Amino acid sequence: MINPAFPVAMRLALLTACLGLLCPALPSAVASDKPNFIIIFTDDQGYQDLGCFGSTDIKTPHIDRMASEGRILTSFYSANPVCSASRAALMTGCYPRRVLETRNVLFPRDDVGLHPAETTIADMLKAHGYATACVGKWHLGHHPEFLPTSQGFDSYFGIPYSNDMSHPADAKRPRYGKWDEYWSKPGESGIWQTPLVENEEIIEHPVDQRDITRRYTDRAIEFIHANKEKPFFLYLAHSMPHVPLYLPDALYDPDPQRAYISVIEHIDAEVGRILDTLRDEQLAETTYVIFTSDNGPWLRFDHHGGKALPLRDGKGSTFEGGMRVPCVTWAPGRIPAGSKSDDIAATIDLLPTLAKIAGIEPQTNGPIDGLDLANFLHSKSPSPRNEFLYYTTQIQCIRQGAWKLRQQGKSTQLFNLVEDIGETNNLAGKHPEKVTALTARMTALDQQIVAQARPLGTLATE
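Because the structure is predicted, anything quoted here is derived from the model rather than measured.

**Quick notes on the sheet that holds strand β14 (residues 403-408)**
So, step 1. Strand order across the open sheet formed by four strands is β12-β13-β14-β15, with antiparallel pairing between neighbours. A strand with exactly one partner marks an edge of an open sheet, and here the two such strands are β12 (387-391) and β15 (411-416). Between one strand axis and the next, the sheet turns by 15 degrees as a mean value, whatever way the strands run.
So, step 2. In this sheet, strand β13 (residues 395-400) lies alongside β12 in antiparallel orientation, the contact comprising five bridges. Note that in β13 the partner of leucine 389 across the bridge is isoleucine 398.
So, step 3. The strands that helix α12 (residues 432-451) touches are β12, β13, β14 and β15; relative to β13, the one it contacts most, it runs at about 120 degrees.

So this is what it looks like as structure tokens:
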């Protein structure tokens, strides 16, 4: 017991010291209600394309270390199997059908984008004192009205759409699919006529894609250094491993069979630079980092695409390989180290989850579909999500617990994903009552979302 005769200041000092001895393992940031957040989003990276997710040919020591210090989510979903729709879902916490109508990929010819009235993760955090930056691929509208600086981000540096798209919209694109030929001529990356944008202006056209992954990381690190004294949100969206693939000259391997492997290993090294910066700046215990992908791998491009094993199919498909993506979550002292969960979770859950962690009550522009995963990430608690909808331009599937119903055209398929992760055994004929129940549930949820859908942004948007 502290002697009451001691002066007040001395008693407070002793009490503080005692509490420190009793709780030495608690990180200093636990008392903070505003931790930092970094989302690292790759493009077309397959479920298996990390060492910690079973790759036997790709070496990813930095992300593997993230996994050993954090938690792997093995049933983590993107909300669409292609680019724009998956990003709209991530940013807004909504199924894409709610905020992007039936669009799933936006092109340079399009005069539409995510409506600026939508509440993005950046909007929410910026309103509560966060510095915000988007670095990398955006793909939610390339006109100034739709770029990140109109969607809650203080700054933007990156490619406004996919790295195989060109400016202006009518620019001739190289013949598609000649990936070995383009890999053999790395100095000609400018044939894609892809622009690099800073805030709202094109600053390089065409961008030299050989160094773009490293330049993204350089800009991300600059942002971290500049905002280390206040809470920040960094959205780092790499434009690869979407084709065409390129590497810095010093890392270039002329063997096209190693193109995809080398690009993922380069991304891993750049993730390592981000994590090292956080450690060097003593920000590791106050920062959450989430690494995941926008959709599955583009399988038809062979060694210029990835792998989704043991899942079925890849990009563009509502089989698991198209939408179940690798996810590694990292927050030393907060997320249990070396942990793994096969509970269902999704990109649409990130907005409400980050809000809860930051102590924010999100005020969104209408209903959202995401659920708060904070307790799930921080403990052994189960995920609050037990069902998930799979959209392309329209609804195709529902997962509920172990069961997944897939309806495409006249085909009805029912899988038990716990017993059959590769979706090889159609059980629809054996469980007609499950098909009926899941069909009714999927239809009811989709009808509700469509009825509540909000408009896409247009250039006439006020």
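**Let's talk about the packing of helix α2 (residues 61-69) against helix α8 (residues 259-280)**
So, step 1. The contact between α2 and α8 brings their axes to 7 Å, and the two run at 50 degrees. Between α2 and α8, the interaxial angle falls into the category oblique. Contacts between α2 and α8 pair Pro61, His62, Ile63, Arg65, Met66 and Glu69 from the former with Asp268, Ala269, Val271, Gly272, Leu275 and Arg279 from the latter.
So, step 2. Counted by class, the contact of α2 with α8 contains six nonpolar, two polar and four charged residues.

**Overview of the environment of proline 256**
So, step 1. Note on placement: proline 256 falls in the loop between β8 (232-237) and α8.
So, step 2. Of the residues examined, proline 256 reaches a relative accessible area of 22% and is grouped as partly exposed.
So, step 3. With sequence-adjacent residues up to four places away left out, proline 256 is seen in contact with Asp180, Trp183, His303 and His304.

**Concerning the side chain of arginine 324**
So, step 1. Mapped onto the elements of the fold, arginine 324 is located in the loop between α9 (320-323) and β10 (327-330).
So, step 2. Under the relative-accessibility criterion, arginine 324 is labelled buried at 2%.
So, step 3. At 3.2 Å, the side chain of arginine 324 forms a polar contact with the side chain of serine 75.
So, step 4. At 3.5 Å, the side chain of arginine 324 and the side chain of tyrosine 77 are in polar contact.
So, step 5. Sequence-distant contacts of arginine 324, defined by excluding residues within four places in its chain, comprise Tyr47, Thr74, Ser75, Phe76, Tyr77, Leu311, Asp342, Arg399, Leu417 and Ile421.

**Points about the pattern of salt bridges**
So, step 1. Within the structure shown, the criterion is met by 31 salt bridges.
So, step 2. Note that lysine 404 and glutamate 320 form a salt bridge whose closest N and O atoms lie 2.8 Å from each other. Linking lysine 404 in strand β14 with glutamate 320 in helix α9, this pair joins segments that are 84 residues apart in sequence.
So, step 3. When its relative accessible area of 0% is taken as the criterion, glutamate 320 is described as buried.
So, step 4. In the salt-bridge network here, residues are joined through shared partners; they are Glu320, Arg324, Asp342, Lys404 and Glu423.

Criteria and thresholds
Residues numbered from 1 in each chain as written. Predicted model: local features only at pLDDT ≥ 70, side-chain atom pairs only at ≥ 80, totals over all residues. Heavy atoms only, no water. Pairing = 2+ DSSP bridges. Helix = DSSP H or I, 4+ residues; strand = E, 2+ residues; numbered from the N terminus. Axes fitted to C-alpha atoms, helices over the stretch in contact; angles between N-to-C directions. Contact = heavy atoms within 4.5 Å. Parallel < 35°, antiparallel > 145°, perpendicular 65-115°, else oblique. Nonpolar A, V, L, I, M, F, W, Y, C, P; charged D, E, K, R; others polar. Buried < 20%, exposed > 50% of the residue type's maximum accessible area, 1.4 Å probe, protein only. Polar contact = N/O pair within 3.5 Å; in protein donor to acceptor, adjacent residues only side chain to side chain. Salt bridge = Lys/Arg side-chain N within 4 Å of Asp/Glu carboxyl O.

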